[in-house]
Protein chains: 2
Amino acid sequence: MISGKFAITTHILTLLSKFPNDYLSSEYIAGSINLNPVLVRKEISNLKKNHVVESKEGKNGGTRLLKPASEITLLDIFKMTFDTVNLGYAKNQPNPDCPVGKKINENLDLLYADINEKINAQLSTVTLENFSNQF
Amino acid sequence: MISGKFAITTHILTLLSKFPNDYLSSEYIAGSINLNPVLVRKEISNLKKNHVVESKEGKNGGTRLLKPASEITLLDIFKMTFDTVNLGYAKNQPNPDCPVGKKINENLDLLYADINEKINAQLSTVTLENFSNQF
DNA sequence: AAATTTGTAACATATTTTATTACAGTATGA
DNA sequence: TCATACTGTAATAAAATATGTTACAAATTT
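Residues numbered from 1 in each chain as written. Chains lettered and ligands numbered in written order. Predicted model: local features only at pLDDT ≥ 70, side-chain atom pairs only at ≥ 80, totals over all residues. Heavy atoms only, no water.

- Per an unreviewed UniProt entry, chain A goes by the name Rrf2 family transcriptional regulator and belongs to Flavobacterium frigoritolerans.

Pasting the structure below:
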């Protein structure tokens, strides 16, 4: 899963933030996202690895937040679900005998690094609580 | 072509900017990018549509810039090759009976719009000439 | 003990990207 | 004027990636 990871994780966390004391099941969450529950559990697995949620197995089990929504930023979610934003690369290795081919990816990297700085700054200003309050 | 469009087009334009008076063939350009010439011609077709380059058919034909590299910004390239940057959406339509599902995409859109503003601002500060001078 | 849920692997399908082939049309220049 | 070297574009194929499904062991509740 790549393209939907941030959106799905943000959706999951928004739901959890609405019921901070309940364990929500992957099936319930999947019903809101309209996604297979197995994929929801995979993203939750990632969130657990990052100590943002905890799960309880068995009957009446599910997942809940480990900390208040005010202490989670969208930048945190971004870091858990995205490598970096980029505007793409050509798939194949460019010609190393061409001055442009030799350095194109390096120079794109510099550009993309600048872009990511701006994005990170933006995302760090929004908490899950802020985001969730829009609903 | 989605993922490589910006990178490939930037690569093409960088090459053209190095030889502003020559018609470069799609085969030559493809050799630097290590990409099929047909795909290069497709991107060039897009550049022509945007009046950034012109092509000449026939023997000794090829493509060259229609204006100086100092008058083309990376934002121009971005607009020709990207819709908008986003951090993804879940693939399926979310549940409209859930308050979160109903508004998640709308709220993600707002967030992504903010991100795009920052990216646009950044890209508008770099000309093709600036970029090309790094090589 | 029965029911419900997570965790995870294995596999299947769908979608998107990239590559290839083919060939008509155009310009050059020997 | 004919061979050559290009562009333009459509059609198709292959590869890569994303998403979906099935299956089932393990955990917990009632």
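## Structural notes on the packing of aromatic side chains
(1) Moving on: Evaluated as defined, the whole model comprises eight aromatic pairs over all chains.
(2) Moving on: An angle of 65° between the planes, with centres 5.6 Å apart, marks the rings of F131(A) and F135(A) as edge-to-face.
(3) Moving on: By relative accessible area, F135(A) is classed as partly exposed at 21%.
(4) Moving on: Chaining the aromatic ring pairs together yields one cluster made of F6(A), Y89(B) and Y112(B). (Phe/Tyr/Trp six-rings, centres within 6.5 Å; stacked < 30°, edge-to-face > 60°. Buried < 20%, exposed > 50% of the residue type's maximum accessible area, 1.4 Å probe, protein only.)

## With respect to the relation of the copies chain B and chain A
(1) Moving on: Placing chain B over chain A gives an RMSD of 0.0 Å and needs a rotation angle of 180°, together with 0.0 Å of translation along the axis. Here the copies are linked by what is in effect a two-fold axis. Rotation axis and chain B: the residue whose C-alpha lies nearest the axis is K118(B), separated from it by 3.1 Å.
(2) Moving on: Looking at the interface residues of chain B, 100% of them are also at the interface in chain A, so both copies use one shared face. (Least-squares fit on C-alpha atoms with pLDDT ≥ 70 in both. Contact = heavy atoms within 4.5 Å.)

## Describing the packing of helix α1 (residues 5–18) of chain B against helix α4 (residues 74–81) of chain B
Residue and element names in this part refer to chain B.
(1) Moving on: The interhelical angle for the contact between α1 and α4, taken along N-to-C directions, is 130°, at an axis separation of 9 Å. Regarding the angle of α1 to α4, the classification is oblique. Here α1 and α4 pass one another in a crossing that is right-handed. Packed against α1, whose contacting residues are K5, F6, T9, T10 and L13, the element α4 presents L74, I77, F78, M80 and T81 at the interface. (Axes fitted to C-alpha atoms, helices over the stretch in contact; angles between N-to-C directions. Helix = DSSP H or I, 4+ residues; strand = E, 2+ residues; numbered from the N terminus. Parallel < 35°, antiparallel > 145°, perpendicular 65-115°, else oblique. Left-handed = near helix turned anticlockwise from the far one by under 90°.)

## Let's talk about the interface of chain B and chain A
One frequent convention defines the size of an interface as the accessible area lost when the parts assemble.
(1) Moving on: Contacts between the two partners involve 46 residues from chain B and, on the opposite side, 46 residues from chain A.
(2) Moving on: Between chain B and chain A, a total of about 3800 Å² is buried, with carbon and sulfur atoms accounting for 71% of that surface.
(3) Moving on: Applying the counting criterion to the chain B and chain A interface returns zero salt bridges.
(4) Moving on: Tallying contributions element by element places helix α5 (residues 99–123) of chain B first for the side of chain B that touches chain A, with 16 residues.
(5) Moving on: For the side of chain B that touches chain A, the class distribution of residues is 26 nonpolar, 16 polar and four charged. (Buried area = accessible area lost by both parts, 1.4 Å probe. Salt bridge = Lys/Arg side-chain N within 4 Å of Asp/Glu carboxyl O. Nonpolar A, V, L, I, M, F, W, Y, C, P; charged D, E, K, R; others polar.)

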